[in-house]
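Coordinate inspection notes
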Amino acid sequence: MNTITMNAHQALFSRRGWTAFLIALLLVCAVAPLLNLWVPEGQVLHLSDYAVALLGKIMCYAICALAMDLIWGYTGILSLGHGLFFALGGYAMGMYLMRQIGSDGQYRSELPDFMVFLDWKSLPWHWSFSDSFVATLALIVLVPGLVAFVFGYFAFRSRIKGVYFSIITQAMTYAAMLLFFRNETGFGGNNGFTDFKRILGLPIATPQMRMGLFVLTGLTLLACLLLARWIMAAKFGRVLQAVRDAESRLMFCGYSPLPYKLAIWTLSAVMCGVAGALYVPQVGIINPSEMSVANSIEIAVWAAVGGRGTLIGPIAGAFAVNGAKSWLTVSAPEIWLYFLGALFVGVTLFLPQGLAGLAKKLTRRGASKT
Amino acid sequence: MTPELMEAGSERLQHFSGGREAGYGRVLEPGALDLAHGRILYLEDVHMSFDGFKAINGLSLDITPGELRCIIGPNGAGKTTMMDIITGKTRPDAGQVFFGSTINLLRHSEAEIAQLGIGRKFQKPTVFEPLSVFENLELALKGSRSVPSALWHRLSGEQRTRLDEVLALIQLQDEWQRPAGLLSHGQKQWLEIGMLLVQDPKLLLLDEPVAGMTDQETERTAELFLSLKGRHSLMVVEHDMSFIARIAETVTVLCDGAVLAQGTLDQVQADERVIEVYLGR
């Protein structure tokens, strides 16, 4: 009889997990907008525009940290090039926002300012669909996805692993950065895109638009969390962990790791691309420095600090590290980088499970005391 | 006629006839195991060297369906390398390796070979440590290995029954929810054997399956292997001679990458050359 294995199927979230999820949903969709737009400035409960912008930005980072966790924490593949996918999504959105400026730019031309400056007479071919919002949405998903798919296919097929894979991803994002720096490639050179005015024909710099983007980012983050949880609760998630811990055992069980690695790698890149697309209208600029090696490493630091192999950990890590960053870069800007380095070393040495592991340890100790 | 030609010919014939029986050569469905020639595994004149060291040096060996074959030999005789070659982990420099009489194993990847029906247990017990005992078995369970199926996977009642059976057989019913990393060494060995069983392979390659087991566990393993014989073919590499004596019918002695002697345990133990390689001159 099936006596022991009847309830082996995992639920998506526990009861407590669903409660926390719904509270987060409520905070993003109702509490934050109310405190920002409805409670007048000067009141204690007022949420400043600065805080909304900061939190919106950090939520984009949290999506990246979650994406990094899928590929690094669960599958054991450390990418040091996820900044590229973030930037590709950001650039796709940026191109649309540049077209939305219309002829309100400095040179009063239909062409984006930097093209006028370069004395170009018409849009290059890869700007063809940039005036369509629907096409832009497609590009935000397709470009990072396709780049990741092709890169991943060759890397995984050649069984490139571990530190070698990490180094190649780093070279990839560096090469892309050099490419985007060049004026000829048509991405605005080292200035990138900025001075956005409208999105979907609506002015971009209003409190309402800022809040709209904030809510959208929050919903995207929660949707990504739900998707990741669903994947990891399925057998697919267990195959990924098996890839991480004993890949050859998995192959001798009859699994080819290639499609599994490729699927999660591509999904992870797409999530980063979406995060980048949400980030650009909120911060108002995208330039090739987003592809710098340090940015990609920072994504890995968020995931490591939060706790690899847990879903909530990397999100908490992104909030903790970036919260500390925005505070420290104001109060003591010279020590920020030392702090970041020390944090990474400290977490690796003393908290291999990150903040999530620490929280688990503390609650367990608390439970055993009572 | 070379096996490659035979294989190509039978594939072409298959294309024209579409049937299962086609006179000599007996065309089967692609991927189906052809045992008409009484061999489930067939190695001929296999050579493999690493940086000039000849790990496998003209090895020829065959296994009949349902047989339990024991392989012994001194360290460095090439036992593990032979298993690596059969399971596709390494490619030999020369030679032929066939599964049944139609499937050329040298053309398949590790995962494909496992799906064709060759299961392997490693020398060092290898299980997925953070996953529970049950999840380990579930991953190994025979079935589709595709990404979509892994996303939408639900165990059928039949599959659950099978998992329960194997859990009972490997005596880990009470541990089914425990992470496999917390099991004892012997229990890990059993879990890995259980993972092989749910895979339902036609041929099992077992590299030192009783290493680190207690006498009692070893005895239970011997009983299990004897019960598998007949339905499955088994190739067991082992150093424990009392275990070999318990299960062996035919013993093959490997030395320096080739077969030195073959026969019953008594025959090979009486063989002058075998005594020489084990005891030294």
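Along each chain, residue indices are assigned from 1 in the same order as the chain's sequence is written. The naming scheme follows written order: chains are lettered A onward, ligands numbered 1 onward. This being a predicted model, a pLDDT of at least 70 is required before a residue's local features are given, and a value of 80 or more before pairs of side-chain atoms are given or counted; all residues contribute to the totals for chains, interfaces and linings.

If you tally the helices and strands in chain B, you get 11 helices and 10 strands. Labels follow a simple rule on C-beta atoms placed from the backbone: if 20 or more others lie within 10 Å of a residue's own, it is buried; if 12 or fewer, it is exposed; otherwise it is partly exposed. Among the 281 residues that make up chain B, the fraction classed as buried is 42%. Residues are defined as contacting one another if the C-beta atoms placed from their backbone atoms lie within 7 Å. Counted over contacts in chain B with a minimum sequence separation of 6, partners at least 24 positions apart contribute 65%. Per the convention used, a helix needs a DSSP run of H or I reaching at least four residues, while a strand needs a run of E reaching at least two, with both numbered from the N terminus.

A few words on the interface of chain A and chain B. Each partner contributes residues to the interface: chain A has 23 residues there, and chain B has 30 residues. Contributing elements (two or more residues each) for the side of chain A that touches chain B: α8 (235-245), α9 (247-252) and α10 (257-283) of chain A. Per-element tally for the side of chain A that touches chain B: the top contributor is α8(A), with 7 residues.

So, about helix α2 (residues 79-86) of chain B. All names here are of chain B. In terms of burial, α2 is largely enclosed, as 7 of its 8 residues are buried. Those residues of α2 not exposed but buried are K79, T81, M82, M83, D84, I85 and I86. Downstream of α2 by a residue or two, G88 has a phi angle that is positive, lying close to 85 degrees.

Another point: the sheet that holds strand β2 (residues 53-63) of chain B. All names here are of chain B. Pairing within the open sheet is antiparallel, and its 4 strands lie in the order β2-β1-β4-β5. The sheet is open, and its two edges are formed by β2 and β5 (103-104), each paired on a single side. The pairing criterion for strands is at least two bridges between them, as found by DSSP. When strand β4 (residues 94-99) meets β5, the two strands line up antiparallel, connected through 2 bridges. Note that in β5 the partner of F98 across the bridge is N104.

Here we take up the confidence of the model for chain A. Residues and elements named next belong to chain A. Mean pLDDT over chain A stands at 91; residues scoring 70 or higher make up 96%. For every residue, the predictor assigns a confidence score, pLDDT, that lies between 0 and 100. Confidence, expressed as mean pLDDT per element, reaches its minimum in chain A at helix α14 (residues 354-369) with 81 and its maximum at α10 with 97. In this model residues 1-8 is a low-confidence stretch, pLDDT under 50, and it forms 12 contacts with partners more than four residues away in sequence or in other chains.

All names here are of chain B. Per-residue confidence for chain B averages 86 on the pLDDT scale, and 88% of its residues sit at or above 70. Here residues 15-23 scores under 50 on pLDDT; set against residues more than four positions off or in separate chains, the count is 8 contacts. Of the two predicted TM-score estimates for the complex, the pTM is 0.89 and the ipTM is 0.84.

With that settled, the discussion passes to the packing of helix α2 (residues 49-74) of chain A against helix α11 (residues 293-306) of chain A. The relative placement of two packed helices comes down to the angle between their axes together with the axis-to-axis distance. Residue and element names in this part refer to chain A. At a closest axis distance of 8 Å, the pairing of α2 and α11 adopts a crossing angle of 75 degrees. Between α2 and α11, the interaxial angle falls into the category roughly perpendicular. Of the residues in α11, those in contact with Y61, C64, A65, M68, D69, W72 and G73 of α2 are I299, A300, W302, A303 and G306. Gly is put with the polar residues, along with every residue not named as nonpolar or charged; the nonpolar set is Ala, Val, Leu, Ile, Met, Phe, Trp, Tyr, Cys and Pro, and the charged set is Asp, Glu, Lys and Arg. Here the residues of the contact of α2 with α11 sort into 9 nonpolar, 2 polar and 1 charged. Only the stretch in contact is used when a helix axis is fitted, and all axes are lines through C-alpha atoms; the angle between N-to-C directions ranges over 0 to 180 degrees. In what follows, roughly perpendicular refers to angles from 65 to 115 degrees, roughly parallel to angles under 35, roughly antiparallel to angles over 145, and oblique to any angle outside these ranges.

So, on to unusual backbone geometry. Residues and elements named next belong to chain B. Of note in this structure, D45 is not a glycine but carries a positive phi near 45 degrees. Tracing the chain through its elements places D45 in strand β1 (residues 41-50). A positive phi angle is found at D51, which is not glycine, with a value near 50 degrees. With respect to the helices and strands, D51 occurs in the loop between β1 and β2.

What follows concerns α11(A). All names here are of chain A. Working rule for helices: expected span equals 1.5 Å times residues minus one. When the terminal C-alpha atoms of α11 are compared, their 21 Å separation across 14 residues agrees well with the 20 Å that a helix rising 1.5 Å per residue should span. Burial of α11 is extensive: 11 of the 14 residues sit out of reach of the surface. Three or more residues of α11 are buried, namely N295, S296, E298, I299, A300, V301, W302, A303, A304, V305 and G306.

The next subject is the pairing of strand β6 (residues 118-121) of chain B. All names here are of chain B. Neither face of β6 is left uncovered, since the one carrying I118 and R120 and the one carrying G119 and K121 both have all their residues buried. Pairing between β6 and strand β7 (residues 203-207): 4 bridges, direction parallel. Looking at the pairing, G119 lines up with L204 of β7.

Time to look at the sheet that holds strand β10 (residues 258-263) of chain B. Residues and elements named next belong to chain B. Spatial ordering of the open sheet is given by β6-β7-β8-β3-β9-β10, a layout of 6 strands whose pairing is mixed. Sheet topology places β6 and β10 at the edges, where each strand pairs with a single neighbour. Strand-to-strand twist across the sheet, computed as the mean angle between neighbouring axes with direction ignored, equals 20 degrees. Both strand β3 (residues 68-72) and strand β8 (residues 233-237) contribute to a ladder of 4 bridges, which runs parallel. Each bridged residue has a counterpart across the sheet, and for I71 the counterpart in β8 is V237.

Residues in a regular strand project their side chains so that they alternate between the two faces of the sheet. Residues and elements named next belong to chain B. In terms of residue burial, β7 counts as a mostly covered element, since 5 of its 5 residues are buried. Neither face of β7 is open: one carries L203, L205 and D207, the other L204 and L206, and all of them are buried. Alignment of β7 against β8, held across 5 bridges, turns out to be parallel. Within β8, the position partnered with L205 by the bridge is M235.

Another aspect to go through is the environment of G181(B). Residues and elements named next belong to chain B. For G181, the position within the fold is in the loop between α6 (157-169) and α7 (185-199). Given 12 C-beta atoms within 10 Å, G181 falls into the exposed group. In sequence terms G181 and P130 are 51 residues apart; their C-alpha atoms lie 6.1 Å from each other. If near-sequence neighbours (up to four positions away) are discounted, G181 is found in contact with E129 and P130.

As a further point, take the packing of α11(A) against helix α12 (residues 312-331) of chain A. Residues and elements named next belong to chain A. Their axes nearest at 7 Å, the elements α11 and α12 cross at an angle of 115 degrees. Compared by their axis directions, α11 and α12 come out roughly perpendicular. Both α11 and α12 take part in a crossing whose hand is right-handed. For the pair α11 and α12, contact is made by V301, W302, A303, V305 and G306 and by G313, P314, I315, A316, G317, A318, A320 and V321, respectively. Counted by class, the contact of α11 with α12 contains 10 nonpolar, 3 polar and no charged residues. When the near helix sits turned anticlockwise from the far one by under a right angle, the crossing is termed left-handed; a clockwise turn instead gives a right-handed crossing.

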